[in-house]
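One-letter residues, chain by chain:
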Amino acid sequence: MHPMLVVATKAARRAGRIITRAAADIDTVKVTRKQQNDFVTEVDRVSEQEIIDNLLSAYPDHAILAEESGITMGPRAGDKPTDLSQAEHLWIIDPLDGTTNFIHGLPQYAISIALMERGVITQALVYDPNRDELFTATKGRGAFLNDRRIRVSRRTRIDEALIGTGFPYRKLDDLDAYLAMMKVMVERTAGLRRPGAAALDLAYVAAGRYDGFFELGLAPWDVAAGSLLVSEAGGMVADFDGEARYLASGDIVAATPKVFGVMLPLLTNARQAKR
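Below: a short report on this structure. The numbers attached to residues start from 1 for each chain and follow its sequence in the written order. In keeping with the model being predicted, local features are shown solely for residues with a pLDDT of at least 70 and side-chain atom pairs are shown and tallied solely at 80 or more, while totals for entire chains, interfaces and linings include all residues. Computation of side-chain values covers all heavy atoms of the structure but excludes hydrogens and water.

What follows covers the overall build of the chain. Helix and strand definitions follow DSSP, with helices as H or I runs of at least four residues and strands as E runs of at least two, each counted in order from the N terminus. Helix and strand counts for the chain come out as eight helices and 15 strands. Note that the radius of gyration is over C-alpha atoms, with the globule rule given as 2.2 Å times the number of residues to the power 0.38. For 275 residues, the compact-globule estimate of 2.2 N^0.38 gives 19 Å, and the chain sits close to it at 18 Å. Based on the C-alpha atoms only, the size of the chain along its principal axes is roughly 50 × 45 × 35 Å. Summary of the burial criterion: residues with accessible area below 20% of their type's maximum are buried, those above 50% are exposed, and those between are partly exposed, where the area comes from a 1.4 Å probe applied to protein chains only. Taken across its 275 residues, the chain has 54% of its residues classed as buried. Within the chain, counting contacts between residues at least 6 apart in sequence, those at least 24 apart form 65% of the total. Only carbon and sulfur atoms are counted for the fraction: they give 48% of the accessible area of the chain, which is about 12100 Å². By definition in these notes, contact holds between two residues if any of their heavy atoms fall within 4.5 Å. Residue exposure ignores everything except the shown protein chains as possible cover, and the areas themselves are Shrake-Rupley values with a 1.4 Å probe.

Written out as structure tokens, the structure is:
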């Protein structure tokens, strides 16, 4: 494992213990609504700070982009860059992806940590504390689950594919287009699943548990780590234009190569028909 991933793993496991302790007494956790259907808990914030402290202790010249606290510059990182994609080292963190599941006691959530170096994601980690599953990837070195190499599935037919997705919840303007995309996926695939944690969904594509995944309106911390996991596991990742702008647009399609080739035009055509 790359030394930077070793540090990130230590941070994720510490944060995971915080989340697991809180999950045992979930009724006492304070919940705040950020906007419609978008929640944050004190656990998100404590978990995030634990991760930030661990990363900046090891790498004081790095910067952090985290869901709850925004940009944090390490003590030796200098001034905040005007363009984050030009930062030498930027960690992108979701301390608890699947907060709504967490506050309902549904054990489908994860910690997501990625490192971007001058606009390129080079390290990725998704940690599921409920199953103690650690998904990791280093650019050019493959993807792993608990130190075992993983690959996307070998399925080539869309009618045999199991697809993951996530319903739009922050912004509902695209709901009709999204429902059209859901309809075509239900009609053309073996099944559609919506567990509620995009980072884990992408990790599941990398591990071959899903054959594909799509969602609209995600944030960088939702997809940064998962996108590298998929590509390093031999899958394809793009936005709905087939470009690599999913971190900026928040719209993502990820799948095994043959499924991707069929899935992307189906989704794009369904979306455009409703616009």
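Picking up where we left off.
Moving on to the packing of helix H1 (residues 3-23) against helix H2 (residues 42-58). Across the interface, H1 lies against H2 with an axial gap of 9 Å and an inter-helix angle of 160°. Taken together, the axes of H1 and H2 lie roughly antiparallel to each other. For the element pair H1 and H2, the recorded crossing hand is right-handed. Taken together, the residues of H2 that come into contact with H1 (itself represented by Val7, Ala8, Lys10, Ala11, Arg14, Ala15, Ile18, Ile19 and Ala22) are Val43, Val46, Ser47, Glu50, Ile51, Asn54, Leu55 and Ala58. Class assignment for the residues of the contact of H1 with H2 results in twelve nonpolar, two polar and three charged. Here an angle of 0 to 180 degrees is reported between the N-to-C directions of two axes, which are lines fitted to C-alpha atoms, with helices fitted over the stretch in contact. Our angle categories are set so that under 35 degrees counts as roughly parallel, over 145 as roughly antiparallel, 65 to 115 as roughly perpendicular, and the remainder as oblique. Rotating anticlockwise by less than a right angle from the far helix to the near helix defines a left-handed crossing, while the corresponding clockwise rotation defines a right-handed one. Under the scheme applied, nonpolar residues are Ala, Val, Leu, Ile, Met, Phe, Trp, Tyr, Cys and Pro; charged residues are Asp, Glu, Lys and Arg; polar residues are all the others, including Gly.

This part covers the pairing of strand E3 (residues 63-66). Where burial is concerned, the two faces of E3 agree: the one with Ala63 and Leu65 and the one with Ile64 and Ala66 are both buried. Sheet analysis places E3 next to strand E4 (residues 70-73), joined by four bridges and oriented antiparallel. From the neighbouring strand, Ala66 faces E4, where its bridge partner is Gly70. DSSP-based pairing: two strands are paired if at least 2 bridges between them are found. In this structure, the hairpin formed by E3 and E4 is closed by a connection of three residues. Pairing between E3 and strand E5 (residues 90-97): four bridges, direction parallel. Looking at the pairing, Ala63 lines up with Leu90 of E5.

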